[in-house]
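# Survey of secondary and tertiary structure
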Amino acid sequence: MNAHDENNRAAWLDGPSSKCSVLPEPAGPAWRLVLMGAPGVGKGTQAVLLGRHLGACHLSTGDVFRAAKNQSDSNRSPAMTAALAFMRRGELVPDATVWELVRERVGCLQCQGGFVLDGFPRTLAQAISLRLLLESKRLPLHAVLNFELPVAEIVSRLSGRRTCERCKSVFHVSAQPPQNEGLCDHCDGRLYQREDDHSESIAVRLETYERSTAPLIHYYERLGLLTPMVARGSPEEIVQRTIAALETRRNAQFSDLDLRTVSIEP
Ligand code: AMP
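All figures in this text were calculated on a predicted structure; none of them were measured in a lab.

Turning to the site of the ligand, a few remarks are in order. Lining the immediate surroundings of the ligand are 16 residues, of which Thr61, Arg66, Glu91, Gly119 and Gln126 lie closest. One nitrogen or oxygen atom from the main chain of Gly119 is found 2.9 Å from a nitrogen atom belonging to the ligand. One of the side-chain nitrogen or oxygen atoms of Gln126 is found 3.0 Å away from a nitrogen atom of the ligand. For the ligand, whose accessible area on its own is 480 Å², the fraction buried by protein is 95%. Taken together, the residues of the shell around the ligand sort by class into six nonpolar, four polar and six charged.

Set out below in structure tokens:
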């Protein structure tokens, strides 16, 4: 799969009544991954790159909410309208709403190319629901990647982030400024600051992350799925490091399997 025929994720973004125009072609055995990390560590960028490299579909719950924001009020369910208000304040959307949205998109979790879940699960309840659903479909997770960075670096990344309203390219006011202030280098679109990147929302999001999402780290650690990754370096460096870690993991799982096979032989 190349950048031109990338899956448009219609079934994920619009719901099960839509069909994706191009299904991912697995670049090998399918990967089913969860990406974790505080807001601002760059996990969205990593999810896109990993999706491309592994031929897996990038499934972001935040993207579903942002797509719903662009719909007219009459096309939105009352639950979705309420969800968008939580999002605007930087708070988590209630578990029941998020789970409804994921459950009705279960076809995406069964995609032949595998998946890279980004921004879900975010609470223990969501993680348990996901585990039960995947077990019932016999689709075990392969790894949970946890991208790590110090808090001060996260705050500086988020407050300086600017996004192109047209092509969604991301810039940073000091680390990666556009050539013309306020305008995208790629398409001349207007750059804006995401509502939830304003300083009041950043504080709420980081506090929410600590309270609700950090306990997931222990949950996945106990399940033997946690793979910590340092989120420093260029996006391509990080993705290459991540793929190497995944391969090491898969090889270790195979050799574990060999050892177990040997030990049960008479
Ligand atoms: P993200 O793009 O993943 O940072 O998500 C943006 C916002 O969408 C979050 O700050 C939440 O308000 C909401 N959101 C996305 N995914 C979830 C989730 N799994 N649980 C609760 N709220 C979510």
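What follows picks up the thread again.
Turning to the domain arrangement of the protein, a few remarks are in order. With domains assigned, the protein is organised as domain 1 (1-148 + 213-228) and domain 2 (150-197). The C-alpha-based centres of domain 1 and domain 2 are spaced at 23 Å. Tallying the contact residues gives nine residues for domain 1 and six residues for domain 2. For the pairing of domain 1 and domain 2, the buried interface totals around 650 Å² over both sides, and the portion due to carbon and sulfur atoms is 52%. Area buried by domain 1 at its contact with domain 2 is led by Gly40, Arg66 and Arg88, which between them contribute 50% of it. Residue Lys69 is joined to Glu195 by a salt bridge in which the shortest nitrogen-to-oxygen separation is 3.6 Å. Linking domain 1 with domain 2 are one residue pair in polar contact (both at pLDDT 80 or more). Contributing elements (two or more residues each) for the side of domain 1 that touches domain 2: helix H3 (61-69) and helix H4 (78-88).

Looking now at the nonpolar core. Core analysis: the biggest nonpolar cluster contains 62 residues, and Leu33, Leu50, Phe65, Leu109, Leu117 and Tyr220 have the highest contact counts within it. If one sorts the elements of this core by residue count, helix H9 (residues 199-222) sits on top with seven residues.

Bringing helix H7 (residues 124-136) into the picture now. End to end, H7 covers 18 Å across 13 residues, agreeing with the expected 18 Å (1.5 Å per residue, within 8%). Among all positions of H7, only Gln126, Ala127, Leu130, Leu133 and Leu134 are buried. Looking down the long axis of H7, one finds its buried residues gathered within 130° of arc, a one-sided arrangement. Of the residues in H7, the exposed ones pointing more than 90 degrees away from the buried face are Leu132 and Ser136. Two residues or fewer past H7, Arg138 is found with a positive phi of approximately 55°.

As a further point, take the environment of His186. Take His186: it is sitting in the loop between strand E6 (170-172) and strand E7 (191-192). Taking C-alpha positions, His186 is 9.1 Å from Cys164, a pair spaced 22 residues apart along the chain. If near-sequence neighbours (up to four positions away) are discounted, His186 is found in contact with Cys167, Ser169 and Phe171.

A few words on the sheet that holds strand E3 (residues 114-118). Here we have five strands laid out as an open sheet, ordered E2-E3-E1-E4-E8, and parallel in their pairing. In this open sheet, the two edge strands, each paired with only one partner strand, are strand E2 (57-60) and strand E8 (226-230). Shown here is a sheet whose adjacent strand axes are inclined to one another by a mean of 25°, direction ignored. Here five bridges tie strand E1 (residues 31-36) to E3, and the two strands are oriented parallel to one another. Bridge pairing in E3 places Trp31 opposite Gly114. Running at roughly 70° to E2, H3 makes contact with E2 and E3 of the sheet. H9 contacts E1, strand E4 (143-148) and E8 of the sheet and is inclined by roughly 140° relative to E1.

With twelve residues, helix H2 (residues 43-54) extends 16 Å from end C-alpha to end C-alpha; this agrees with the ideal 16 Å at 1.5 Å per step. For H2, the complete set of buried residues consists of Lys43, Gln46, Ala47, Leu49, Leu50, Gly51 and Leu54. At the exit of H2 stands Gly55, carrying a positive phi of roughly 70°.

Evaluated as defined, the whole model comprises two aromatic pairs. Arranged with centres 6.2 Å apart and planes meeting at 20°, the rings of Trp99 and Phe120 form a pair that is stacked. A residue pair is termed long-range when its members are at least 10 positions apart, and Trp99 in helix H5 (residues 95-103) and Phe120 in the loop between E3 and H7 qualify at 21 residues. Each of the two residues, Trp99 as well as Phe120, counts as buried. Ring plane angle 70° and centroid distance 5.2 Å describe the contact between Tyr219 and Tyr220, whose orientation is recorded as edge-to-face. In this structure, Arg105 is placed above the aromatic ring of Trp12, and the distance from its NZ or CZ to the ring centre is 6.0 Å.

Calculation criteria
Residues numbered from 1 in each chain as written. Predicted model: local features only at pLDDT ≥ 70, side-chain atom pairs only at ≥ 80, totals over all residues. Heavy atoms only, no water. Near = heavy atom within 4 Å. Polar contact = N/O pair within 3.5 Å; in protein donor to acceptor, adjacent residues only side chain to side chain. Areas by Shrake-Rupley, 256 points an atom, 1.4 Å probe, with all protein chains shown as cover. Nonpolar A, V, L, I, M, F, W, Y, C, P; charged D, E, K, R; others polar. Domains from an automatic or database assignment. Contact = heavy atoms within 4.5 Å. Buried area = accessible area lost by both parts, 1.4 Å probe. Salt bridge = Lys/Arg side-chain N within 4 Å of Asp/Glu carboxyl O. Helix = DSSP H or I, 4+ residues; strand = E, 2+ residues; numbered from the N terminus. Core = buried A, V, L, I, M, F, W, Y, C linked by side-chain atoms within 4.5 Å. Buried < 20%, exposed > 50% of the residue type's maximum accessible area, 1.4 Å probe, protein only. Expected span 1.5 Å × (residues − 1). Arc of directions from axis to C-beta. Pairing = 2+ DSSP bridges. Axes fitted to C-alpha atoms, helices over the stretch in contact; angles between N-to-C directions. Phe/Tyr/Trp six-rings, centres within 6.5 Å; stacked < 30°, edge-to-face > 60°. Lys NZ or Arg CZ within 6 Å of the ring centre and 35° of its normal.

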